[in-house]
Amino acid sequence: MFVVEEEGTLLGFGHVEDEAVLAIFVDPDAAGRGVGSLLLAHAVQEAASDHSRPVHLTATLNAEGFYRGFGFEPVEHKVLVKGGVELPVVVMELPERWHE
Ligand SMILES: CC(C)(COP(=O)(O)OP(=O)(O)OC[C@H]1O[C@@H](n2cnc3c(N)ncnc32)[C@H](O)[C@@H]1OP(=O)(O)O)[C@@H](O)C(=O)NCCC(=O)NCCS
C-alpha cells in the first residue's frame, strides 16, 4: 500500500497485490488534481514488475472512465453482493503495450 501526502495531509492511497490493483482512493477534496493518476501510475509500475499476467483490477462503474483514460480495457461486467447489497463492477485489464 502507498499514499500521496501534501504537507502532512493524506490525499489518497493505493493498494497493489501481485498483478492486481486492489484500490485507488482519493479524498474528494483533492479530486481532479492528478492524485489518482499519480497513484495509478505507481500501482501499474508495481503490479507490472514481474509481467506474469496482465495488470488487472475490478472497478466500480463510476471509476471505469478514469481507468479507461489510463489504457485499461473492460473484460467482464459482473455484480458483487456485499452485505446483501448488489454492486455492479467491471473487471479491467491493461494491455501489455501500456506497461512501459
Ligand atoms: C476515481 C478517482 C480515483 C480519480 O482520482 P482523481 O485524483 O480525481 O483523478 P485525476 O485528477 O488524476 O484525473 C485523471 C484523469 O481522469 C479523469 N477522471 C477522474 N475521475 C474520473 C471518473 N470518475 N470518470 C472518468 N474520468 C475521470 C480526469 O478528468 C482526468 O482526465 P484528464 O487527464 O483528461 O484531465 C477518485 O475520484 C476516487 O477516489 N473516487 C472514489 C473512489 C473510487 O471510485 N475508486 C476506484 C474504485 S475501483
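What counts, and at which threshold
Residues numbered from 1 in each chain as written. Predicted model: local features only at pLDDT ≥ 70, side-chain atom pairs only at ≥ 80, totals over all residues. Heavy atoms only, no water. Helix = DSSP H or I, 4+ residues; strand = E, 2+ residues; numbered from the N terminus. Expected span 1.5 Å × (residues − 1). Buried < 20%, exposed > 50% of the residue type's maximum accessible area, 1.4 Å probe, protein only. Arc of directions from axis to C-beta. Near = heavy atom within 4 Å. Polar contact = N/O pair within 3.5 Å; in protein donor to acceptor, adjacent residues only side chain to side chain. Areas by Shrake-Rupley, 256 points an atom, 1.4 Å probe, with all protein chains shown as cover. Nonpolar A, V, L, I, M, F, W, Y, C, P; charged D, E, K, R; others polar. Pairing = 2+ DSSP bridges. Axes fitted to C-alpha atoms, helices over the stretch in contact; angles between N-to-C directions. Contact = heavy atoms within 4.5 Å.

Chemist: I would appreciate a short explanation of helix α1 (residues 35-47) in the present structure.
Modeler: In a regular helix each residue adds 1.5 Å, so 13 residues correspond to 18 Å; α1 covers 18 Å between its end C-alpha atoms and thus fits that length. Here α1 has its buried residues at V35, G36, L39, L40, A43, V44 and A47. Along the axis of α1, the buried residues cluster in a sector spanning 160°; they form a single face. Residues of α1 that are exposed and angled more than 90 degrees away from the buried face: L38 and Q45.

Chemist: Looking at this structure, how should I read the environment of G34?
Modeler: Looking at where G34 falls in the secondary structure, it is placed in the loop between β3 (20-26) and α1. Sequence separation of G34 and A59 is 25 residues, and the distance between their C-alpha atoms is 18 Å.

Chemist: What is the right way to read the site of the ligand from this model?
Modeler: In the vicinity of the ligand, 18 residues are found, and the nearest of them are V26, G34, G36, S37 and N62. Between an oxygen atom of the ligand and a side-chain N or O atom of S37, the distance comes to 2.6 Å. For the ligand, whose accessible area on its own is 900 Å², the fraction buried by protein is 59%. The set of elements that each furnish at least two residues to the shell around the ligand consists of β3, α1, β4 (55-60) and α2 (64-69). Each residue belonging to the shell around the ligand can be placed in one class, and the counts come to nine nonpolar, eight polar and one charged.

Chemist: Whenever I open this one, the sheet that holds strand β2 (residues 9-17) confuses me. Can you help?
Modeler: Pairing between sheet strands relies on hydrogen bonds along the backbone, with the strands arranged either parallel or antiparallel. Read from one edge of the open sheet, six strands run β1-β2-β3-β4-β6-β5, paired in mixed fashion. Only two strands of the sheet have a single neighbouring strand rather than two, namely β1 (2-6) and β5 (73-82). Geometrically, the sheet is characterised by an average inter-axis angle of 25° between neighbouring strands, direction not taken into account. Of the pairings in the sheet, the one linking β1 to β2 comprises five bridges and is antiparallel in character. Directly across from E6, in β2, lies its bridge partner T9. Sitting on the sheet, α1 is in contact with β1, β2, β3, β4 and β6 (85-94), with an inclination near 165° to β3.

Don't take any of this as a statement about function, it's just geometry.
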